[in-house]
Amino acid sequence: TTLALVVALVGFSGLFGCQVGAAMLVRTEARLRSSLLATPLSQRGPLWCAGDAAVKIAFQLPLFLVAYGGDRLTMYRHMHEQLGYVTPFAGGVALHLHSQVGAVMNSKDQPRGPYLGAMVVPERCMGASTLIFQSTGPEHTRMRELLRSTLVGLSKARDPEA
């Protein structure tokens, strides 16, 4: 039985190193993540947490490290190619179309708060006065215009040849 377990683990780990295997594992991880996310927050107890940890350890971590060499851009591009416009991200999902993101951002049910990368940012790291957490309004608009005029890289109208 130990030999069978070792053979199974070696075979499973080999999937992370090839493109076809990584594609299959990305789709499998997405199905598992989807079933976890379908559980309402109020029902996510110790068993749910164990399942979440198992998916992260068995799929997400080795995919990130082995299949994508620790490169997030490669990982998300491949996930997008395999899964379309909705991919697993940070305990939730990432939407890739502007129309989808806009609809969520404009929803009155969308949780608001100091989030970066779908994670709550502690007050000690970034206070409520941090620019990205400023609400819309005249002060926000003035600051954005200052940044756009000062930091050429943020200007949409910049000349790509310059």
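Given the structure is predicted, the values throughout are model-derived calculations rather than measurements.

Chemist: Give a detailed account of a nonpolar patch on the surface, specifying residues and quantitative values.
Modeler: Together, Y85, V86, V93 and L97 make up a nonpolar patch on the protein surface, roughly 330 Å² of accessible area in all. Relative to the assigned elements, Y85 resides in the loop between α4 (72-83) and β1 (86-89). Among the residues examined, Y85 registers a relative accessible area of 44% and is labelled partly exposed.

Chemist: For the confidence of the model for the chain, give the residues involved together with the corresponding values.
Modeler: Do not read the predicted coordinates in detail wherever pLDDT is low. Per-residue pLDDT for the chain averages 75, and the proportion of residues at 70 or more is 72%. Here helix α1 (residues 2-16) stands out as the least confident element of the chain, with mean pLDDT 62; helix α3 (residues 46-67) is the most confident, with 87. Across residues 158-162, where pLDDT falls below 50, the model places two contacts with residues more than four positions away in sequence or in other chains.

Chemist: Explain the nonpolar core residue by residue, including any values.
Modeler: In terms of nonpolar packing, the biggest core is built from eight residues, these being A22, L25, V26, F59, L63, Y68, M75 and M79. Looking at this core element by element, the count peaks at three residues for helix α2 (residues 19-37). Non-local contacts of M75, meaning those with residues more than four positions away in its chain, are made with F64 and Y68.

Chemist: So, the packing of α2 against α3: which residues are in play, and what are the values?
Modeler: Direction vectors running N to C along α2 and α3 enclose 155°, while the axes themselves pass 10 Å from each other. In this view, α2 runs roughly antiparallel relative to α3, as classed from their interaxial angle. Two packed elements cross with a definite hand, and for α2 against α3 that hand is left-handed. Listed contacts from α3 to A22, L25, V26, T28, E29, L32, R33 and L36 of α2 are W48, G51, D52, V55, K56, F59, Q60, L63 and A67. Residues that form the contact of α2 with α3 fall into these classes: ten nonpolar, three polar and four charged.

Rules of the game
- Numbers given for residues are sequential positions, taken from 1 along each chain in its written order.
- Only residues with pLDDT of at least 70 are given local features in this predicted model, and only at 80 or more are side-chain atom pairs given and counted; all residues enter the totals for whole chains, interfaces and linings.
- Working from all heavy atoms in the structure, the side-chain values ignore hydrogens and water.
- Patches in this entry comprise residues that are over 30% relatively accessible and not in a salt bridge; like charges within 9 Å are linked, as are nonpolar side chains (Val, Leu, Ile, Met, Phe, Trp, Tyr) within 5 Å.
- Residue exposure ignores everything except the shown protein chains as possible cover, and the areas themselves are Shrake-Rupley values with a 1.4 Å probe.
- Within this document, salt bridges are pairs made up of a side-chain nitrogen of Lys or Arg and a carboxyl oxygen of Asp or Glu, the two lying within 4 Å of each other.
- Starting at the N terminus, helices and strands are each numbered in turn, a helix being any DSSP run of H or I of at least four residues and a strand any DSSP run of E of at least two.
- Relative accessible area decides the class of each residue, using a 1.4 Å probe on protein chains only: under 20% of the type maximum gives buried, over 50% gives exposed, and in between gives partly exposed.
- As a per-residue measure, pLDDT tells how confident the predictor is, with possible values from 0 to 100.
- Note on contacts: a residue pair is in contact if any heavy atoms of the two residues lie within 4.5 Å.
- Note on terminology: a nonpolar core comprises buried Ala, Val, Leu, Ile, Met, Phe, Trp, Tyr and Cys residues joined through side-chain atoms within 4.5 Å.
- Helix axes are fitted to C-alpha atoms over the stretch in contact, other axes to C-alpha atoms as well, and angles between N-to-C directions run from 0 to 180 degrees.
- By the definition adopted for this analysis, an angle is roughly parallel if under 35 degrees, roughly antiparallel if over 145, roughly perpendicular if from 65 to 115, and oblique otherwise.
- In a left-handed crossing the near helix is turned counterclockwise from the far helix by less than a right angle, and in a right-handed crossing that turn is clockwise.
- We call Asp, Glu, Lys and Arg charged. Ala, Val, Leu, Ile, Met, Phe, Trp, Tyr, Cys and Pro are nonpolar, and the rest, Gly among them, are polar.

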